[in-house]
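# Fold and contact review
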Amino acid sequence: MYQRIKQMARDETKIMFGQQQFSILGAEGGQPPYLTQSLVHDSGVHGWIFGDKQARQHSPDELCDVKRMTGSNPAILGLDMHDLDYKGNITSHWVGRLAYERGEVITVSMHHSNPVTGNSPWVKKDNGDVVKTVQRILPGGDHHDKFKQILDQMADWANSFTDSNGKPIPAIFRFLHKLNGGWFWWGLHNKAQNTEQELIELYRYMVKYLRDQKGVHNFLYAYSPDKFSDKADYLKTYPGDDYVDVLGMDYYYSGSSTTKANFQRMVKDVVEMAEERGKVPAITETGYMNNGIDKIPNFWQDYILDVLKTEATTKRIAYVLAWANHCSGNGHCQLWVPYKGHPAETDFINNFYNDSLTVFSSDLTDMYH
């Protein structure tokens with residue numbers, strides 16, 4: 001799979017499109033047995049959640065906002081370990097298996113609660129003592145044993161992520177994402193007071209523990225900082241080539257402070273750094289904040305695709321991942337791609353999906369064999 005994704009990246013005529021949890025969460029088409037209660041929005045549109053009950057019954061994951069518009073799933077499915085809870089594990093394992101059987105590529109992120117306080121991954125939401133969180137969970141720290149228990153659970157997740165024959169399913173593990181930003185307990189420049197070197201040590205320790213001690217061999221490892229000023233800034237928390245397979249970047253548009261020119265420059269930097277190291281470059285999260293597609297219906301062409309087409313280098317990206325469409329009740333949904341009937345549907349189909357550069361599930365060749 002790694003070689004095929006690398007080939008895809010080097011091919012200037014193909015970029016895979018993915019979405020986080022595209023068959024677990026959605027904004028349109030909700031119906032039983034999917035969970036749809038209180039997820040109605042915009043005058044009768046039904047959001048939905050694929051629940052653990054469906055997973056335990058081995059139900060098909062038929063709903064997908066992108067598929068209901070285009071006829072095809074995205075090429076990349078994003079899953080999340082969250083807090084490794086029983087119901088979440090059942091759902092992600094089952095939906096991941098179905099995606100694998102369709103030949104789709106799988107990436108797994110991690111939003112685990114703070115191992116020291118037990119509270120939110122987001123530092124601002126944590127009123128506990130988060131100071132020096134990373135130092136305290138590294139070897140020698142007073143919460144290291146507790147963190148090892150979490151890593152043991154991650155290893156169990158990975159080793160039990162198997163196909164119908166019990167064979168481990170390959171996935172891209174994108175952990176400690178946005179580690180150069182201040183959002184999470186594993187970040188910089190926040191009240192956790194982590195250092196760049198501590199984050200490097202944490203990344204290396206997690207890879208070595210999962211790979212070398214727990215026998216996890218179905219993970220490729222992704223490094224994915226948020227916005228960066230130059231290559232040196234991108235690499236300030238880089239753990240080294242022995243610990244990374246995918247060089248990613250997260251870039252969300254949020255108004256005048258984020259520009260197409262900056263996006264292009266960062267993509268070019270990531271591609272050049274990845275190719276220098278023999279790695280896979282990827283845009284591991286992107287979109288327009290605060291439901292920007294409501295106001296910019298042609299966002300995916302104007303702000304993403306056209307920018308990537310600017311030069312040959314920026315076409316050599318393996319994939320672009322949008323975040324999950326998620327309805328949370330009270331008429332509110334967080335949208336990153338349109339849904340069937342949304343004002344941006346036509347633009348998404350005609351100008352992004354139908355473009356020869358974008359690769360969806362129905363366009364994929366066998367990525368695994």
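Residues numbered from 1 in each chain as written. Predicted model: local features only at pLDDT ≥ 70, side-chain atom pairs only at ≥ 80, totals over all residues. Heavy atoms only, no water.

### A few points about the nonpolar core
With 132 residues, the main nonpolar core has Met16, Ile106, Met154, Phe173, Phe263 and Trp300 as its most contacted residues. Per-element tally for this core: the top contributor is helix α7 (residues 196–213), with eight residues. Sequence-distant contacts of Phe263, defined by excluding residues within four places in its chain, comprise Met249, Tyr251, Tyr253, Ile283, Thr286, Tyr303, Ile304, Val307 and Leu308. (Core = buried A, V, L, I, M, F, W, Y, C linked by side-chain atoms within 4.5 Å. Buried < 20%, exposed > 50% of the residue type's maximum accessible area, 1.4 Å probe, protein only. Helix = DSSP H or I, 4+ residues; strand = E, 2+ residues; numbered from the N terminus. Contact = heavy atoms within 4.5 Å.)

### Here's the deal with the state of the cysteines
Using the criterion set out here, one finds one disulfide in the structure. Note on cysteine connectivity: Cys327 is disulfide-linked to Cys333, with sulfurs 2.0 Å apart. Here the S-S torsion is close to 95°, and the disulfide linking Cys327 with Cys333 is therefore right-handed. A relative accessible area of 6% places Cys333 in the buried class. Cys64 takes part in no disulfide bond, and the closest cysteine sulfur, belonging to Cys327, lies 14 Å away. (Disulfide = S-S within 2.5 Å.)

### Describing the pattern of salt bridges
Side chains that differ in charge, positive against negative, can pair when their charged atoms come close. The tally for this structure, following the rule as stated, stands at 22 salt bridges. Between Asp212 and Arg211 there is a salt bridge, and its shortest N-O distance comes to 2.8 Å. For Glu275, the salt bridge is made with Arg316, and the minimal N-O distance between the two is 2.7 Å. Residue Glu275 is located in helix α9 (residues 260–277), and its partner Arg316 is located in the loop between α11 (312–315) and β12 (319–322); the two are separated by 41 residues in the primary sequence. By sharing partners, the salt bridges in this structure join Arg174, Lys178, Asp250 and Glu285 into a single network. (Salt bridge = Lys/Arg side-chain N within 4 Å of Asp/Glu carboxyl O.)

### Structural notes on α7
With 18 residues, α7 should reach 26 Å at 1.5 Å per residue; the first-to-last C-alpha distance of 25 Å fits that figure. Listed as buried for α7 are Glu198, Leu199, Ile200, Leu202, Tyr203, Tyr205, Met206, Val207, Tyr209 and Leu210. Gly215 sits one or two positions beyond α7 and adopts a positive phi of about 70°. (Expected span 1.5 Å × (residues − 1).)

### Re the packing of aromatic side chains
Counted by the stated rule, this structure contains 38 aromatic pairs. Relative to Phe263, the ring of Tyr251 lies with its centre 5.1 Å away and its plane at 45°, an arrangement referred to as tilted. One end of the pair, Tyr251, is in strand β10 (residues 246–253); the other, Phe263, is in helix α9, and 12 residues separate them in sequence. Ring centres of Trp300 and Phe352 lie 5.5 Å apart, and the angle between their planes is 55°; on these two criteria the pair is classed as tilted. (Phe/Tyr/Trp six-rings, centres within 6.5 Å; stacked < 30°, edge-to-face > 60°.)

### So, the packing of α9 against helix α10 (residues 299–308)
Where α9 contacts α10, the two axes come as close as 10 Å, and the packing angle between them is 40°. If you check the angle between α9 and α10, you find them oblique. In the crossing of α9 with α10, the sense of the turn from one axis to the other is right-handed. From α9, Lys260, Phe263, Gln264 and Val267 reach across to α10, where they touch Asp302, Tyr303, Ile304, Val307 and Leu308. Here the residues of the contact of α9 with α10 sort into six nonpolar, one polar and two charged. (Axes fitted to C-alpha atoms, helices over the stretch in contact; angles between N-to-C directions. Parallel < 35°, antiparallel > 145°, perpendicular 65-115°, else oblique. Left-handed = near helix turned anticlockwise from the far one by under 90°. Nonpolar A, V, L, I, M, F, W, Y, C, P; charged D, E, K, R; others polar.)

### A short note on the layout of surface pockets
Looking at the largest pocket, its volume works out to about 970 Å³. What lines the largest pocket is a set of 37 residues, among which His82, His111, Trp122, Trp323 and Gln334 lie closest to the centre. (1 Å grid on protein atoms, 1.4 Å probe; cavity = no way out; pocket = protein on both sides within 12 Å on 5 of 7 lines; lining within 4 Å. Points joined across faces, edges and corners; volume = space filled by probe spheres on them.)

### Focus: the pairing of strand β1 (residues 15–20)
The element β1 is largely enclosed, with a buried count of six among its six residues. With four bridges joining them, β1 and β12 adopt parallel strand pairing. Bridged to Gln19 within β12 is Ala322. As paired strands, β1 and strand β6 (residues 76–80) are joined by three bridges and run parallel to one another. The residue bridging Gln19 from the neighbouring strand is Leu77, located in β6. (Pairing = 2+ DSSP bridges.)

In short, geometric facts, not functional conclusions.
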